[in-house]
Amino acid sequence: MSDLDRRAAPPGKLPGNLATNPRLDRWLAFDAAGHVVVTPGKVELGQGILTALAQIVAEELDVAMARVRLQAAATPDSPNEGVTSGSLSVQDSGMALRHVAAAARAIHLQVAAQRSGVPVEALRVEDGAFLAPDGRAIGSYWAQADAALLACEAPVDARPKPPGERRIAGTSAARIDLPDKVFGAPRFVHDLRLPGMLHARVVRPPARQARLVGLREGALPEGVVIARDGSFLAVVAGSEHDAERAAERLAARATWQATDTLPDPGALADWLRAAPGDHAVIAERDEAAGAATRTIRATFFRPYVTHASVGTSCAVARWQDGTLEVWSHTQGVYNLRADLAKALRMKEEAILVRHMEGAGCYGHNGADDVALDAALAAHAVPGRPVRLLWSRAEELGWGPVSSAMVVEIEAGLDAAGNIATWREEVVSHGHSSRPGRDPNPTLLAVEYMDPPRRIPNAINPPLASGGGAQRNAIPAYRIPRMTIGLKRIAEMPLRCSALRGLGAPVNVLAIESVMEDLAAAAGEDPLDFRLRHLDDPRGRDVLALAAEMCGWRGRAKREGFGLGLAYARYKHTGAYCAVAAEIEALDRVVCRRLWIAADVGEVINPDGVMNQYEGGAIHGVSMALKEQVAFDRRTVTGTRWEDYPILRFSEVPTVETRLIPRPEEKPLGAGEASLAPAVAAIANAIHDALGIRPRAMPFTPDTLATA
Amino acid sequence: MVAFTLNGQPVSVEAAEDEALLHVLRGALDLSGPRYGCGAEQCGACAVLVDGAPAYACAIAASSAAGRSVTTVEGLGSPDTPHALQTALLAEQAGQCGFCLSGMIVAASALLAREPDPDDAAIRAALDPHLCRCGSHNRIIRAVQRAAAEMRA
Ligand code: FES
Ligand code: FES
């Protein structure tokens, strides 16, 4: 299930994605050699989910972690867990596997008890062996491996261990995928080598929606095959070198018909405001409130930003006897299969999609697009596996982007210094055009194939499943009167989709900036002002902890430096995070230190959670200070790292992260919680240092000069 | 044919005149450690050592390696005989997706070879051309410090 259509399971129902995939043997099997084979539908994106899932399974079964083998998701055998997104994998997959493993253990022990005559309550499990009270081994998972014991639906009443008895889940187990990565072992889809494999590259048009109207004949490196479908043009060659040379030559021989389709980049905020779209009031509250005596008005803007993964998108495809096999770093093997089937007008059953890891994935990037590209290229050489790799220019220029946004807020304080009113308008494109959800495919190449098909406008998932543009748009603070509106722009000149946090970074920036201005108007410290308006005790705890970590109360003003605080609970239902940022204002702003206070409920792997929080916050620093997609009226022009700079070693702040342990609470996910508060904390630190309120991202000398 | 020493072994391989060393390493020579990130000396994912000095394999022709010694992350250490940096990266759990790590390890090994006790600023400066999008920077710095201490001991 995706974050889009996920609903909390009613009590008494199976947890997580077990509800939709109830058979035990879809998730877990034992083998006679002493392994537990786990087949989750969620995939490794660099976030460490495989390690967390292995911990959960090892815990419930009482086996050593090293016995757990995780199989990458693949159609048609893995459970369909939708998309690995929204910081939901521990909740959706982890809680399902906890239940599955607890059920599998109970079933196996029952059988062992019956066979041995030892009562089931007397049995212990030690690394998979079943021991009688006298220490005698009377069986094991491995000895009972082929008993088809798990060929049944999960019972509703499986009993996972109580939190106090956990020994593996909740510890900082080492990442199981990391050794391969430090030794340079083949692990990524980029490293896949199949017998007879060929290499492909795409020839991109000079403009969005351009039509290929001419292709001059000419020499190509030996053995090169051209793959063309309408205006989709690719080359297939025996080596990467030949593929690149051929693509360059072909690009020089192609004639395209192009028009201006993109907005004026110099007036993007105005364009967003004026663009037609559908408007909705997403939250309204009208309780008794004091009259507003002081009003703060502010408008915030962020340009388009993109994923900027260090590796580029890659896929391998092979056509054989009417079936298509694809190896992909997609976030959802079934969703990709669905859109490949629509794009290629074939049956889903004729397509196999196997997950292999890619470089870090922070949302819906080019991973799915490149799979269709590879399929189209491989179509020209039936029977041969074809590896298609995007260039850096394609990765930065042609992957989906995260929407530019405008957020306007007008907030009023009553005479006693309480927030009385809050009006907010969010203007944005939709934040999801993930594959697999619309009758029309959303893969890049469909707009260029013959006949071309328009990719449907991006949607905003409903607030109940976290929202898109409206994610974190509703202030978490106690406000008696509020109206929050959202305009989704009707068209999408640059293809938009989900990127870490979706709308949250801009919404949290806007809310947390206005909170500071309101605190100033009330003559109150911004920490106290927040605490006074925040009812959620777990939110108050992370705020207080971040303040303590950075020495908020005793802070002294230092010339050229600023300290800022911000808070958000991700999606209002996910993990809690407060961030304090220290910046230094030189010729440009540099973030020197971050202090992060986190509460993710139950923690499966504390080190993994801290790694995610820190990585997300550094992503936030980069987005706050550096990132914007450069484009002209025809296409994205920022296609090299120097045109889309991200944070470097010399600019990375030191980071201190602390987790508030809540072993009895539900796990809440970790991957996205820190990004938005980091952005907002930096803005507040800039205000502290310079006395100006940053309103336009990224906070560069140029945008700060107009603040 | 281009002949050079790769990770201590003599190799000789067919390569087009202007074929990038990266493509030859990942292609005919069957390595996966050096990675493509940009093809333009802007990310460091492809870094290797040529006669001990860090070089961008994406930007130099394989033919220019003739007669020289090329070392990739695979040549620095293996699970059985890890380089101190590899051990330290695992000890610090320094990485998320890990795509950047081959290049980081290669660059850091060159730094430690010339500067056994680098301070924080020296490590940041040596790794500054290397991009990491996952935000593993601080862990990587700690791992380099740990490896340096290990190698001095
Ligand atoms: S791939 Fe060589 S520097 Fe980026
Ligand atoms: S760990 Fe993912 S890019 Fe560095």
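Chain B carries the name (2Fe-2S)-binding protein in an unreviewed UniProt entry, which gives Neoroseomonas marina as its organism.

Chain A appears in an unreviewed UniProt entry as Xanthine dehydrogenase family protein molybdopterin-binding subunit from Neoroseomonas marina.

Caption draft 1: A look at the packing of helix α9 (residues 504-522) of chain A against helix α10 (residues 526-533) of chain A. Residue and element names in this part refer to chain A. It is at 9 Å that the axes of α9 and α10 come closest, and there the two elements cross at 105°. Judged on the interaxial angle alone, α10 and α9 are roughly perpendicular. When α9 is examined against α10, the residues Glu512, Met515, Glu516, Leu518, Ala519 and Ala522 are found in contact with a partner set consisting of Pro526, Phe529 and Arg530.

Caption draft 2: Quick peek at the sheet that holds strand β22 (residues 576-585) of chain A. Residue and element names in this part refer to chain A. Reading across the sheet, the 4 strands line up as β21-β22-β23-β24 and stay open at both edges, with mixed pairing between neighbours. Both outer strands of the open sheet, β21 (561-569) and β24 (654-659), are each paired with one neighbouring strand and no more. The mean angle between the axes of side-by-side strands here comes to 15°, regardless of whether they run parallel or antiparallel. Looking at chain direction, β21 and β22 are connected through 9 bridges and run antiparallel. Bridged to Leu565 within β22 is Ala580. Sheet strands touched by helix α12 (residues 606-625): β22, β23 (589-599) and β24. Its angle to β23, the strand with the most contacts, is close to 145°.

Caption draft 3: Looking closely at the pattern of salt bridges. Under the criterion given, the structure shown has 65 salt bridges over all chains. Its salt-bridge partner being Arg495 of chain A, residue Asp369 of chain A comes within 2.6 Å of it at the nearest N-O pair. One end of the pair, Asp369 of chain A, is in helix α7 (residues 367-378); the other, Arg495 of chain A, is in the loop between β20 (481-489) and α9, with 126 residues separating them in the sequence. Here Asp369 of chain A and Arg495 of chain A have matching classes, each one buried. Here Glu92 of chain B ties to Arg142 of chain B by a salt bridge, and the two come within 3.5 Å at their closest N and O atoms.

Caption draft 4: Layout of the domain arrangement of chain B. All names here are of chain B. Each assigned domain of chain B is listed here: domain 1 (2-75) and domain 2 (84-152). When each unit is reduced to the centre of its C-alpha atoms, the spacing between domain 1 and domain 2 is 21 Å. Contacts between the two partners involve 15 residues from domain 1 and, on the opposite side, 11 residues from domain 2. Across the interface of domain 1 and domain 2, roughly 1000 Å² is buried in total on both sides, 63% from carbon and sulfur atoms.

Caption draft 5: Summary view of the layout of surface pockets. Roughly 620 Å³ of volume is contained in the second largest pocket. Lining the second largest pocket are 27 residues, and of these Glu244, Glu248 and Ser391 of chain A together with Tyr36 and Cys38 of chain B sit closest to its centre. When residues of the lining of the second largest pocket are traced back to their parent elements, those giving at least two are β7 (198-202), α4 (240-253) and α8 (392-398) of chain A together with α1 (21-26) of chain B. If one sorts the elements of the lining of the second largest pocket by residue count, α4 of chain A sits on top with 6 residues. Of the residues contributing to the lining of the second largest pocket, the split by class is 11 nonpolar, 6 polar and 10 charged.

Caption draft 6: Examining the nonpolar core more closely. The biggest cluster of nonpolar side chains holds 212 residues, and the ones touching the most others in it are Leu372, Trp422, Leu518, Tyr613, Ile682 and Phe699 of chain A together with Ile140 of chain B. When sequence neighbours within four positions are dropped, the list of residues in contact with Leu372 of chain A reads Leu340, Ala343, Leu344, Leu443, Ala445, Val446 and Met449 of chain A. Counting residues in each nonpolar core, the second largest holds 44 residues, with Ala54, Ile56, Ala112 and Leu150 of chain A among its members.

Caption draft 7: Main features of the environment of Glu348 of chain A. All names here are of chain A. Among the secondary structure elements, Glu348 is positioned in the loop between α6 (333-344) and β16 (351-355). Separated by 10 residues in sequence, Glu348 and Ala338 place their C-alpha atoms 6.1 Å apart. Polar side-chain contacts of Glu348 include one of 3.3 Å to the side chain of Arg337.

Caption draft 8: Molecular detail of the state of the cysteines. Summed over all chains, the structure comprises 0 disulfides over all chains. Looking at the unpaired Cys361 of chain A, the closest cysteine sulfur is the one in Cys134 of chain B, lying at 9.7 Å.

Caption draft 9: Main features of the domain arrangement of chain A. Residue and element names in this part refer to chain A. By domain assignment, chain A separates into domain 1 (16-177), domain 2 (190-259 + 307-398) and domain 3 (275-304 + 401-431 + 467-705). With 19 residues of domain 1 at the interface, the matching set in domain 2 holds 15 residues. Together domain 1 and domain 2 conceal approximately 1300 Å² of surface at their shared face, both sides included; 55% is due to carbon and sulfur atoms. Counting across the domain 1 and domain 2 interface gives 6 residue pairs in polar contact (both at pLDDT 80 or more). When grouped by side-chain class, the residues that make up the side of domain 1 that touches domain 2 number 9 nonpolar, 6 polar and 4 charged.

Caption draft 10: Geometry of helix α4 (residues 101-114) of chain B. Residue and element names in this part refer to chain B. Helix length check: α4 (14 residues) gives 20 Å between terminal C-alpha atoms against 20 Å at 1.5 Å per residue, within 8%. Most of α4 is tucked away, with 12 of its 14 residues classed as buried. Within α4 the residues assigned to the buried category are Leu101, Ser102, Gly103, Met104, Ile105, Val106, Ala107, Ala108, Ser109, Ala110, Leu111 and Leu112.

Caption draft 11: Molecular detail of the interface of chain A and chain B. Across the boundary between the two partners, chain A contributes 61 residues, which contact 52 residues of chain B. Three residues stand out in chain A for area buried against chain B, namely Phe183, Val310 and Phe649 of chain A, and they jointly supply 20% of the buried area on that side. In this assembly, chain A and chain B are joined by 6 salt bridges. Of the charged contacts in the structure, one is a salt bridge between Asp18 of chain B and Arg245 of chain A, with a shortest N-O distance of 3.4 Å. Our count for the contact surface shared by chain A and chain B stands at 36 residue pairs in polar contact (both at pLDDT 80 or more). Elements supplying a minimum of two residues to the side of chain A that touches chain B: α3 (178-182), α4, β17 (386-389), α12 and β24 of chain A. The leading source of residues in the side of chain A that touches chain B is α12 of chain A, at 9 residues. Residues of the side of chain A that touches chain B, tallied by class, amount to 25 nonpolar, 19 polar and 17 charged.

Caption draft 12: A look at empty space enclosed by the protein. Residues and elements named next belong to chain A. Overall, the coordinates contain 10 cavities of 30 Å³ or more when judged by the stated rule. Space inside the second largest cavity adds up to approximately 120 Å³. What lines the second largest cavity is a set of 13 residues, and nearest its centre among them are Gln209, Glu447, Pro493, Leu494 and Arg495.

Caption draft 13: Spatial organisation of the pairing of β16 of chain A. Residues and elements named next belong to chain A. Residues of β16 alternate between two faces, with Ile351, Val353 and His355 buried on one and Leu352 and Arg354 left unburied on the opposite face. Note that strand β15 (residues 323-328) and β16 share 5 bridges and pair parallel. Directly across from Glu325, in β16, lies its bridge partner Leu352. What joins β15 to β16 is α6, and the crossover it makes is right-handed.

Caption draft 14: Highlighting the packing of helix α5 (residues 120-127) of chain B against helix α6 (residues 137-152) of chain B. Residue and element names in this part refer to chain B. Direction vectors running N to C along α5 and α6 enclose 115°, while the axes themselves pass 10 Å from each other. With respect to the hand of their crossing, α5 and α6 are arranged in right-handed fashion. Taken together, the residues of α6 that come into contact with α5 (itself represented by Asp120, Ile123, Arg124 and Leu127) are Asn138, Ile140, Ile141, Val144 and Gln145. Looking at the contact of α5 with α6, its residues break down into 5 nonpolar, 2 polar and 2 charged.

Caption draft 15: Expanded view of α7 of chain A. All names here are of chain A. Compared with the 16 Å implied by 1.5 Å per residue over 12 residues, the 17 Å span of α7 between its first and last C-alpha is a close match. Within α7, 12 of the 12 residues are buried, leaving the element largely enclosed by the surrounding structure. Along α7, the residues classified as buried are Ala367, Asp368, Asp369, Val370, Ala371, Leu372, Asp373, Ala374, Ala375, Leu376, Ala377 and Ala378.

Caption draft 16: Region of interest: the packing of aromatic side chains. All names here are of chain A. What the rule picks out here adds up to 8 aromatic pairs over all chains. Ring geometry for Phe30 versus Tyr141: centroids 4.5 Å apart, planes at 0°, classification stacked. On the criterion of sequence distance, the pair formed by Phe30 in strand β1 (residues 28-31) and Tyr141 in the loop between β6 (137-140) and α3 is long-range, its members being 111 residues apart. Note on accessibility: Phe30 and Tyr141 belong to one class, buried. Sitting over the ring of Trp398, Arg204 keeps its end group 5.7 Å from the ring centre.

Criteria and cut-off values
Throughout, a residue's number is its position along its own chain's written sequence, starting from 1. The lettering of chains begins at A and the numbering of ligands begins at 1, in the order of writing. Reporting of local features is limited, given that this is a predicted model, to residues whose pLDDT is at least 70; pairs of side-chain atoms are given and counted only at 80 or more, and all residues count toward the totals for whole chains, interfaces and linings. Side-chain figures throughout are based on the complete set of non-hydrogen atoms in the structure, without hydrogens or water. Lines are fitted to the C-alpha atoms to define the axes, a helix being fitted only along its stretch in contact, and any angle between axes, read from their N-to-C directions, falls within 0 to 180 degrees. The secondary structure listing takes helices from DSSP runs of H or I that are at least 4 residues long and strands from runs of E that are at least 2 residues long, numbered from the N terminus. What sets the label is the angle itself: under 35 degrees gives roughly parallel, over 145 gives roughly antiparallel, 65 to 115 gives roughly perpendicular, and the rest give oblique. Residues are treated as being in contact if the distance between any of their heavy atoms lies within 4.5 Å. By definition, two strands form a pair when at least two bridges between them are found by DSSP. In the sections that follow, a salt bridge refers to a side-chain nitrogen of Lys or Arg positioned within 4 Å of a carboxyl oxygen of Asp or Glu. Residue exposure (1.4 Å probe, protein chains only): buried if accessible area is under 20% of the type maximum, exposed if over 50%, otherwise partly exposed. Domain ranges listed in this record stem from an automatic or a database domain assignment. Accessible area, probed at 1.4 Å, shrinks when two parts are joined; the buried area is that loss added up over both. With a 1 Å grid spanning the protein atoms alone, the term cavity applies to any set of points in which a 1.4 Å probe fits but cannot get out, the term pocket to an open set with protein on both sides within 12 Å along at least five of seven lines, and the term lining residue to any residue with an atom within 4 Å of a point. Grid points are joined across faces, edges and corners, and a volume is the space filled by probe spheres set on the points. Just so you know the grouping, Ala, Val, Leu, Ile, Met, Phe, Trp, Tyr, Cys and Pro go in nonpolar, Asp, Glu, Lys and Arg go in charged, and all remaining residues, Gly too, go in polar. Among buried residues, the Ala, Val, Leu, Ile, Met, Phe, Trp, Tyr and Cys ones that are joined through side-chain atoms within 4.5 Å form a nonpolar core. Two N or O atoms count as a polar contact when they lie within 3.5 Å, although within protein this holds only if one can serve as hydrogen donor and the other as acceptor, and sequence-adjacent residues are included solely when both atoms are side-chain atoms. We call a pair of cysteine sulfur atoms a disulfide whenever their separation is within 2.5 Å. The span expected for a helix works out to 1.5 Å for each residue beyond the first. The path from the first strand over the helix to the second decides the hand: if it runs clockwise while the strands point away from the viewer, the crossover is right-handed. Take the far helix as your reference; a near helix turned counterclockwise from it by less than a right angle gives a left-handed crossing, and one turned clockwise gives a right-handed crossing. Each Phe, Tyr or Trp ring (for Trp, its six-membered ring) is paired with any other whose centre lies within 6.5 Å, and the angle between the two planes then decides the class: stacked below 30 degrees, edge-to-face above 60, tilted in between. Here, over-ring charges are defined by two tests on the NZ atom of lysine or the CZ atom of arginine: distance to the ring centre within 6 Å, and angle to the ring normal within 35 degrees.

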